[in-house]
Amino acid sequence: MHFTSQTTSNGVSERHFTLDGIPGVFWSPSDATGSRPLVLLGHGGGQHKKAPGILARARRFVSARGFAVAAIDAPGHGDRPRTERDQRFTAHLRERIAAGEPVGSLVADYNAALAAQAVPEWQLTLDALQKLAAIGAGGPVGFWGMALGTGIGLPLAAAEPRITAAVFGLVGRDTLADTASRITIPIEFLLQWDDELVPREATLALFDAFASSEKTLHANSGRHMNVPLFEMDSSDRFFGRHLV
């Protein structure tokens, strides 16, 4: 892990890094000493590691909880090169939206392809992060991610025993149900009741598939991108309960 820059603002240190070609950001209290819980943030489709929602949550978790936080660009996003696969997906997505056709299966297939690459990248990143003095090995690790963030984070949580709690949502697909059935950590799951991209029934079925003894469903009215701001408060409390 090679840190390339560092800035500090309002008590939050922000350090950009690269790791085997993976660009990322690491946030921590500027006066941090000793180890602390870690939250991994997975951005949505078409976004990046410093998208406004990611940045707001990173600063919130550091300032309010004293956590360390990290985010990386998913394949084909942010500062990473776009492949022919990425370009084809974007073209097909625009065509279907323009024609008023459903896009759920197209997005789900693309997310699954990205997850196959991104899960081992996240594991490599977690290995490197836990070697930092500000985090250390063996501490609690949370994951937060919506849409593509869940498409990657869900198989990551199933494969990675170091993740101890997760906030997922805005995804629903039959092929993820088997993966969800292997997850037993505490889960908070968000659903937009009027989601135009993800069928409500598929999202509810995916939530039902989680094997967690503690799982909470938050259903809010509105379309895919209209997750209420107060859900950030809920995620903060959720990680405060499970990572401390």
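Numbers given to residues run from 1 along each chain, matching the order in which its sequence is written. Totals for whole chains, interfaces and linings use every residue, but because this is a predicted model, local features are given only for residues with pLDDT of at least 70 and side-chain atom pairs only at 80 or more, for both listing and counting. Each side-chain value is worked out from all heavy atoms of the structure, with water and hydrogens disregarded.

Visitor: Explain the pairing of strand β5 (residues 68–72) to me, please; I cannot follow it from the model alone.
Guide: Regular strands have side chains that alternate between both faces of the sheet. The classification of residues rests on relative accessible area computed with a 1.4 Å probe and restricted to protein chains. Under 20% of the type maximum is buried, over 50% is exposed, and intermediate values are partly exposed. Put simply, DSSP marks the helices as runs of H or I at least four residues long and the strands as runs of E at least two long, and each gets a number from the N terminus on. Among the five residues in β5, five count as buried, and that is most of the element. The alternating pattern of β5 places Ala-68, Ala-70 and Ile-72 and Val-69 and Ala-71 on opposite faces, both of which are buried. Taken together, the four bridges between strand β3 (residues 22–29) and β5 define a ladder with antiparallel strand orientation. Directly across from Trp-27, in β5, lies its bridge partner Val-69. Strands qualify as paired when DSSP identifies two bridges or more between them.

Visitor: Looking at this model, I keep getting lost on the packing of helix α1 (residues 52–65) against helix α7 (residues 230–242). Mind explaining?
Guide: At their nearest, the axes of α1 and α7 sit 11 Å apart, and the two run at 45° to each other. By the angle class used here, α1 and α7 are oblique. Seen along the crossing, α1 lies across α7 with a hand that is right-handed. Residues Ala-56, Arg-57, Arg-60, Phe-61, Ala-64 and Arg-65 of α1 pack against Met-232, Asp-233, Ser-235, Asp-236, Arg-237, Phe-239 and Gly-240 of α7. Each residue is assigned to one of three groups, with Ala, Val, Leu, Ile, Met, Phe, Trp, Tyr, Cys and Pro labelled nonpolar, Asp, Glu, Lys and Arg labelled charged, and all others, Gly among them, labelled polar. Across the contact of α1 with α7, the residue classes tally to five nonpolar, two polar and six charged. Axes here refer to lines fitted to C-alpha atoms; in helices the fit is confined to the stretch in contact. Angles between the N-to-C directions go from 0 to 180 degrees. Angles are sorted into four bins: roughly parallel if under 35 degrees, roughly antiparallel if over 145, roughly perpendicular if 65 to 115, and oblique for all others. Left-handed describes a crossing whose near helix is turned anticlockwise from the far helix by less than a right angle; the clockwise case is right-handed. Any pair of residues with heavy atoms lying within 4.5 Å of one another is described as a contacting pair.

Visitor: What's the story with the nonpolar core in this structure? I'm lost.
Guide: Soluble, globular proteins show a tendency: their nonpolar side chains are buried together. In terms of nonpolar packing, the biggest core is built from 45 residues, with Phe-26, Leu-38, Phe-168 and Phe-210 touching the most fellow members. Looking at this core element by element, the count peaks at ten residues for helix α3 (residues 104–129). Setting aside residues no more than four positions away along its own chain, Leu-38 makes contact with Ala-68, Val-69, Ala-70, Leu-126, Leu-129, Ile-135, Pro-140, Val-141, Gly-142 and Leu-243. With 23 residues, the next largest nonpolar core counts Val-12, Val-25, Ala-165 and Val-167 among its residues. Residues belong to one nonpolar core when they are buried, are Ala, Val, Leu, Ile, Met, Phe, Trp, Tyr or Cys, and are joined through side-chain atoms within 4.5 Å.

Visitor: Whenever I open this one, the pattern of salt bridges confuses me. Can you help?
Guide: Should the charged atoms of two oppositely charged side chains come close, the side chains can pair. We count a salt bridge whenever a side-chain nitrogen from Lys or Arg sits within 4 Å of a carboxyl oxygen from Asp or Glu. All told, the structure shown has 13 salt bridges when counted by the stated rule. Note that Lys-50 and Glu-14 form a salt bridge whose closest N and O atoms lie 2.7 Å from each other. Pair noted here: Lys-50 is in the loop between β4 (38–42) and α1 and Glu-14 is in strand β2 (residues 12–19), with a separation of 36 residues, a long-range link. Residue classification places Glu-14 among the buried residues on the basis of a relative accessible area of 8%. A salt bridge links Asp-73 to Lys-49, with the nearest nitrogen and oxygen atoms 2.8 Å apart. Here Asp-73 is found in the loop between β5 and α2 (84–99), whereas its partner Lys-49 is found in the loop between β4 and α1, with 24 residues between them in sequence.

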